[in-house]
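Okay, here's what each chain looks like letter by letter:
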Amino acid sequence: MVRNTTLGSRTFEIANIIVLGLLLISCIYPLWYTFCVSISDKSAANAGLVTIYPIGFSLTPYKEIISDSMFFNAFWISIQRTVLGTSFTLLMTVLMAYPLARPSKDFKMRNTFMWILVFCMLFSGGLIPWYLTIQNYHLINTIWALVLGGGVPVFDVILIMNFFRNLPKELNEAAVVDGAGPWSILFRVYIPCSIPVLAAVALFISVYHWNEFFNGLVLSNTSSHYPLQTYIQQLVVNIPVGTNLTPEQYKKLSELSNRTLNSAKVFIAMVPMLVVYPFLQKYFVSGIMLGAVKE
Amino acid sequence: MKKNMAMLLSVALLGASLTACSSSNDSSNNVKASSKPESSSESPALSGDDLAFSKFPKPVDVHIGMVVDPTDKTLPEGDSVSNNQYTRYLKEKYNINVIVDWTAATGNDFKQKVSLTIASGKLPDGMVVDDRSFMTKAASSGLLYDITDVFQQYQSSQVKDIMASTDGRALENASYKGKMVALPNITVDTDGVHVLWIRKDWLDKLQLPVPKTVADIEKTAQAFIDNKMGGDKTIGIAGPSKNSFPYSTFLVSSNNMGGFDPIFGAMDAYPGYWLDNGDGSVSYGTTSDNTKKTLALLADWYKKGLIDPEVGTRDNVGDPINANQTGIFFGPWWNGGYGNGDSFKNDPTANWQAYPVYSDDNKWNAHMKTTGSTYTIISKNAKPDVVKAIMIMNNALVRDEATFDLSVAVGWYPLRNVMAAANETEYEYTELLKVLKGETNPEDYNKPNSLYKLMYADAKKVKDVIKPPYDELGVSNFSTANFGDFQRLYSIMIGDRPFTTTPIDKKVYSVTYNQTPTMETKWANLKKMEDETVMKIILGQASIDSFDKFVKDWKSQGGDEITAEVAELLKK
Amino acid sequence: MRKLGHQKHYYLMLLPGMVWLVMFSIVPMFGVIMAFQNFNPGAGLFKSEWVGLENFKYMFQLNDSKTVIVNTFIIAVGKIIFNLLIPLIFAILLNELRSLRYKKLVQTVVYLPHFLSWVIMSTIVIGIFGYYGVVNTVIGMFGFDPKLFMADAGIFRQLIIGTDVWKEFGYNAIIYLAALTGINLNLYEAAAIDGANRWQLIRHVTLPALTTTVVLLGVLSLGNVLNAGFDQVYNLYNPLVYSTGDILDTWVYRLGLQNLQFSLATAAGLFKSVISFVLIFISYRLAYRYADYTVF
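Fair warning: this is a prediction, and the values are worked out from it, not measured in the lab.

What counts and what doesn't
The residue count restarts for each chain, going from 1 along the sequence in the order it is written. Written order determines the labels here, with chains lettered from A and ligands numbered from 1. It should be noted that, the model being predicted, local features are given only for residues of pLDDT at least 70 and side-chain atom pairs only at 80 or more, the latter also being counted only at that level, while totals for whole chains, interfaces and linings use all residues. Only hydrogens and water are set aside; all other atoms, that is, all heavy atoms of the structure, feed into the side-chain values. Any two residues whose heavy atoms approach within 4.5 Å at even a single point are treated as in contact. Here's the idea: put two parts together, see how much 1.4 Å probe accessible area each one loses, and the total over both is what we call buried area. Think of a salt bridge as a Lys or Arg side-chain nitrogen and an Asp or Glu carboxyl oxygen that are within 4 Å of each other. As used in this structure description, the phrase polar contact means that two N or O atoms lie within 3.5 Å; if the pair is within protein, one of them must be able to donate a hydrogen and the other to accept it, and residues adjacent in sequence are counted only when both atoms belong to side chains. Numbering of helices and strands runs from the N terminus; a helix is a DSSP stretch of H or I covering at least four residues, while a strand is a stretch of E covering at least two. Only strands joined by at least two bridges in the DSSP assignment are considered to pair. Fitted lines through C-alpha atoms give the axes, limited to the stretch in contact for helices. The angle between two N-to-C directions lies from 0 to 180 degrees. Here is the rule for angles: anything less than 35 degrees is roughly parallel, anything more than 145 is roughly antiparallel, 65 through 115 is roughly perpendicular, and the remaining ranges are oblique. Crossings are classed by handedness, with left-handed meaning an anticlockwise turn of the near helix from the far one by less than a right angle and right-handed meaning a clockwise turn. Under the scheme applied, nonpolar residues are Ala, Val, Leu, Ile, Met, Phe, Trp, Tyr, Cys and Pro; charged residues are Asp, Glu, Lys and Arg; polar residues are all the others, including Gly. As used in this record, nonpolar core signifies buried Ala, Val, Leu, Ile, Met, Phe, Trp, Tyr and Cys residues forming a set joined through side-chain atoms within 4.5 Å. The classification of residues rests on relative accessible area computed with a 1.4 Å probe and restricted to protein chains. Under 20% of the type maximum is buried, over 50% is exposed, and intermediate values are partly exposed. The span you would expect from a helix comes to 1.5 Å times its residue count less one. At any given residue, the bend is defined as the angle formed between two axes, one fitted to the seven residues that end at that position and one fitted to the seven that begin there.

Side note on the interface of chain A and chain C
At the junction of the two partners, chain A supplies 95 residues and chain C supplies 92 residues. The contact between chain A and chain C buries some 9,000 Å² in all, and 75% of this surface belongs to carbon and sulfur atoms. Put simply, chain A and chain C have 2 salt bridges between them. Here Arg98 of chain C and Glu13 of chain A are joined by a salt bridge, their closest N and O atoms 2.6 Å apart. Taken together, chain A and chain C are joined by 14 residue pairs in polar contact (both at pLDDT 80 or more). Among the elements that take part in the side of chain A that touches chain C, helix H1 (residues 7-39) of chain A stands out by supplying 18 residues, more than any other.

Quick look at the structure:
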């Protein structure tokens, strides 16, 4: 990086470090808090007494989780969903982005398709028709419902398409001169040049699949088909507003509000994302220019 | 071009398939309720309890959607929601084959699944819904089986007795436009009776008497705060959270933990209820003068710092209670014990005791709840045998719940919809006291057909949990060795003591516990205004004068219309 | 010439995605007719009573519908603006860091709050802004009285916008960071040699590289102009803040919860979609006409 050693510049650097440091602390706090609650004593946590540090110490929740086969079942389903979903969706979006990145004179129907996509991004029939459609395809309770149910991620398609469009035209022309067709151009030229944005999109898609819980709930009939976040969220107290609870129900819900256990589950569920991110991060922190065209 | 044609074709095709699938609903066989007694083909016609517990000659498949408790670990290895002691029991004794189509966790998940199921128009044979509007929506959409006659025929004598004990209210609750369309839920009356829960150990330390009236409570709360009984951040009186309510209402008439119900009652105010004025007209309790007075009182208390400063915004109603920060809160019998277990764990000397709150002229006024709030609804397309099977399942549960091995939670029983004797808790209180004092034996309660299904089990363990002296039970009498037992018996023996031993002077029932037609479009808005006004007054964000404007607006935005509709109900 | 032969390949590439789109977006879209019906589940989509614009009329004549729409709009637009700006500023600041390790650390940590759902986050937020929470403690150190933030309708919207931006800025910055990696380092060197200071470098090298991304994200985020965030508001609001905090989605949720008003929910959804589409279309045309820029 360029070095600037003026006083103003130095001050800026220090201020920058401090500001970013404060942001760092504020962002790690929720995670830290969740962790503290998960290892605290159950009753203290349930009384809302845990704030900045754990109270008491207990690894019971983690032990319970390790022995809960349903948890790992859901974990495995989430992994399947995320891997399948990310690879499938990434492939689809790239395949769609390339033709849409072509100028209209090269691809005549380009604008039509683009507006169809945008339209579909904004308009929807709502939850019920969507659910009924998937039900009619007999996909309820299958992994494919989870992978396909979210539909085409138009936002990601547009993102990649935009990136493709901003790549130098020379790349395309050089490849055409070499006799390449669209498929080779896409896979041999465009994709290698778009690693940062593809990595970012891969991250977005996988995070979506990993975190998504609502589809997991409505598209599954029993908890043995739940992905992880769906499994977890049924355990976080969610007393519907305006319900008559019987003492038994309340007791059940109190168990559900076992904050230490819930925090432990939430914490464990975040671990894969914490592991995946640094792996993908290197693609967009390094600042290496990827260019292959001689001017 | 070709691609577009292909697309259009596939769209049309899929659109057509949607049509086919959704119209199959009403083109399929419309099953009507059987209107004459049916006899099983060969043998002589059964009736009464023989019929109520008859076994089917061939297995009957009953498809259900079921609510489950995701934290429950009581199923033995190898068992599941479709295969456990309860499903096996139904198969062996009655030849009923329970098939679980789908499950969902208690709470929002289950509500979501139920609403999707109703929206799709394809109900399973049976499911239990926990919101009356789900039942009425399904009924008004023509999706429910009319069980008026089948129920009459197949109810067991026990069920008949329980229904009768509600004076027809349970039947009305489960009916839509005069037809019975669901099996009603009947829960104990005491769930709707809200009492004062107070830290007796704090009172003893400060040598204060148990507060009886609203003025007493004010003084006591002040004393708790002045003496920092709950630490530096002592809260005098805990109140509702962001999700709970200052008072129960005609639609949600029970189990209001952390509300102010007894305070309103002591001031002869019944907000949220439809009141019979005695002259053929009705009024909505929230618009009354007494409610206004009570709100002014609560606002005054808040200003003086007697009420939790975070009232109405808290995440969880139980937090200050379980943290032992507060010495006073209001709620039904089970709030002490079942409802605040962590409070005892955090402080084993927390002697929570329950008392009525009296008006200035020494009367205990209380609003009473509706009979129940869950409904077993049966699909219109269910076969007649299936409908009968569901009746029998209900009969069997009511009779045999006491005989089940309860180490496997009874929540796993398919289509479980509680029908309890309305006074079950009071009965247990009285009888358990007798067992403790040696006047009766646990074995005396070993009656298979008893209306009070849990009595025997409780009688057997009560002496292990509660130690003498038995006269003024406090937390020190209880053993917490088995915490679940502790919670249950604490709630019965201490929580229900007021309702069992002290008669309520004025019981107020709402003219209706259900929605009228205009309510379907206007109530949400009126309720929003009501909730906002009440909380703003209590927290001092709006002056008590805004109450009058609220009443005016409420009336003109639909309140008068609805009041007239409710008044019509009086004429029936 | 050769390029014409490419057309069929373009169609082929689009085909799988379009099939996916048709099956899961377009087919369900027909269900939008529920907005014009009095939907009866027993009769189904094709036989329910047609009521035309009744549902919309009902929605708009309710007393608080205007307030609710205004709340939704203010919160959503506030979120759009700050969710564009703050991650951008953050990405630029991060880019200025010299220590690669510190850069990676900050980047990894700040994207974490995105992963916690609002059900969990709301507990934390309510705790932080609670009567005895961190914010009030700090205020107390300056001699002010504690304030019940969660009950204050006057700052609820700001609270919603602020906490959402804080929760998402790290995640939202990723796309900017990806764009920043594409900047040719030589550009910085060349400009520095010409005597540019840090600020000028940012203005003339860094920002232009991000312009197209910002505009793209901006236009696309117009699709959310009436999406104020149900999960967040639902988990944080209470009756005291209804006047500024009740948004379209929570309002419809309460109306719907009472009576399973499917048609009403669909009508509200359709309303949102139409407004979003119109805005996106307008901004697309404006960008094309005045900036000669085709957004997508």
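Looking at the interface of chain B and chain C
Note: interface size is frequently given as the accessible area lost on complex formation between the parts. Taken together, the 50 residues of chain B in the interface contact 49 residues of chain C. Surface buried jointly by chain B and chain C totals about 4,200 Å² across both partners, of which 62% is contributed by carbon and sulfur atoms. Counting every contact that joins chain B to chain C gives 2 salt bridges. Close ionic contact of Asp64 of chain C with Lys528 of chain B constitutes a salt bridge, the shortest N to O distance being 2.8 Å. Counting across the interface, chain B meets chain C through 11 residue pairs in polar contact (both at pLDDT 80 or more).

A look at the sheet that holds strand E6 (residues 182-184) of chain B
Working definition: the strands of a sheet are paired by backbone hydrogen bonds and lie parallel or antiparallel to each other. All names here are of chain B. The strand order E2-E1-E3-E14-E6 describes an open sheet built from 5 strands, whose pairing is mixed. Two strands lie at the open edges of the sheet, namely strand E2 (96-105) and E6, each paired on one side alone. The sheet shows a mean angle of 25 degrees between the axes of neighbouring strands, taken without regard to direction. In this structure, strand E3 (residues 126-129) lies alongside strand E14 (residues 375-378), joined through 4 bridges in antiparallel fashion. Residue Met127 lies in a different strand from E14, and its bridge partner there is Ile377. Relative to the sheet, helix H15 (residues 384-400) contacts strand E1 (60-68), E2, E3, E6 and E14, its axis offset from that of E1 by approximately 50 degrees.

What about the packing of helix H20 (residues 517-538) of chain B against helix H21 (residues 546-570) of chain B?
Residue and element names in this part refer to chain B. One way to put it is that H20 packs onto H21 with a least axis distance of 10 Å and a crossing angle of 155 degrees. In terms of orientation, H20 and H21 fall into the roughly antiparallel class. As for how H20 packs across H21, the hand of that crossing is left-handed. When H20 is examined against H21, the residues Pro517, Thr518, Met519, Lys522, Trp523, Asn525, Leu526, Met529, Glu530, Thr533 and Ile537 are found in contact with a partner set consisting of Ser546, Phe547, Phe550, Asp553, Trp554, Gln557, Gly558, Gly559, Glu561, Ile562, Glu565 and Val566. Here the contact of H20 with H21 is composed, by residue class, of 11 nonpolar, 7 polar and 5 charged.

Brief notes about the nonpolar core
One finds Phe164 of chain A, Ile377 of chain B together with Phe296 of chain C to be the most contacted residues of the largest nonpolar core, which totals 214 residues. Element by element, the count of residues in this core is highest for helix H7 (residues 153-180) of chain C, at 16 residues. Leave out the neighbours within four places in its chain, and Ile377 of chain B touches Leu123, Asp125, Gly126, Met127, Val129, Met135, Ala138, Leu144, Val181 and Ala182 of chain B. Of all hydrophobic cores here, the second largest spans 57 residues; its members include Leu196, Trp202, Ile237 and Met519 of chain B.

Quick look at the environment of Lys105 of chain A
For Lys105 of chain A, the position within the fold is in the loop between helix H4 (69-101) and helix H5 (110-122). Judged by its relative accessible area of 69%, Lys105 of chain A is exposed.

Things to note about the environment of Gly48 of chain B
Residue and element names in this part refer to chain B. Looking at the element boundaries, Gly48 is found in helix H2 (residues 48-52). Looking at Gly48, the relative accessible area reads 39%, which means it is partly exposed. Residues Gly48 and Phe224, spaced 176 residues apart in sequence, show a C-alpha to C-alpha distance of 59 Å.

What to know about H20 of chain B
Residues and elements named next belong to chain B. For H20, spanning 22 residues, the distance from its first C-alpha to its last is 31 Å, which sits close to the expected 32 Å at 1.5 Å a residue. Of all the bends in H20, the greatest measures close to 55 degrees and is centred on Trp523. The buried fraction of H20 amounts to 18 of the 22 residues, a majority that puts the element mostly inside the structure. Looking one or two residues beyond H20, the residue adopting positive phi is Gly540, at roughly 80 degrees.

As for unusual backbone geometry
Residues Pro468 of chain B and Pro469 of chain B are joined by a peptide bond in cis, for which omega reads 0 degrees. Secondary-structure assignment places Pro469 of chain B in the loop between helix H17 (455-465) and helix H18 (483-495). We note that Asn141 of chain A has phi near 75 degrees; this positive angle belongs to a residue other than glycine. Counting through the fold element by element, Asn141 of chain A comes out in the loop between helix H6 (127-136) and helix H7 (143-148). Backbone geometry places Lys177 of chain B, a non-glycine residue, at a positive phi of 50 degrees. Locating Lys177 of chain B in the fold gives a position in the loop between strand E4 (175-176) and strand E5 (179-180).

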